[in-house]
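Summary of the model geometry
Below are the chains, spelled out letter by letter.
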Amino acid sequence: MQQNPIARKHLVWSLLTGLAVGAIAGAPLGWIANGKYSEQRMAESIVCREKNRDQPVAIVESRCGSRF
């Protein structure tokens, strides 16, 4: 059985192909994950602000974080 060594050209093309596929597949997944995280963080902030609505603004900001 004869073995053919892997040429550097093939390794570079494999790397570039992997990067392209990763960018194409990873971008939508990252976008979806970021959207879910943003929604969750906003909901937590709203609940915290609702629980502390009778407190002064400075205390609410320190407990719940910035509104933005």
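First, a word on scope: everything that follows refers to the structure included in this document. Computed from a predicted model, the values in this text were never measured in an experiment.

1. Concerning the pattern of salt bridges
Counted under the stated rule, the structure contains two salt bridges. Between Glu-61 and Arg-49 there is a salt bridge whose closest N-O contact spans 3.1 Å. Pair noted here: Glu-61 is in helix 2 (residues 57-64) and Arg-49 is in helix 1 (residues 8-51), with a separation of twelve residues, a long-range link. The exposure class of Glu-61 is partly exposed, given its relative accessible area of 32%. A salt bridge links Glu-50 to Arg-53; the nearest nitrogen and oxygen atoms lie 2.3 Å apart.

Rules of the game
Residues numbered from 1 in each chain as written. Predicted model: local features only at pLDDT ≥ 70, side-chain atom pairs only at ≥ 80, totals over all residues. Heavy atoms only, no water. Salt bridge = Lys/Arg side-chain N within 4 Å of Asp/Glu carboxyl O. Helix = DSSP H or I, 4+ residues; strand = E, 2+ residues; numbered from the N terminus. Buried < 20%, exposed > 50% of the residue type's maximum accessible area, 1.4 Å probe, protein only.

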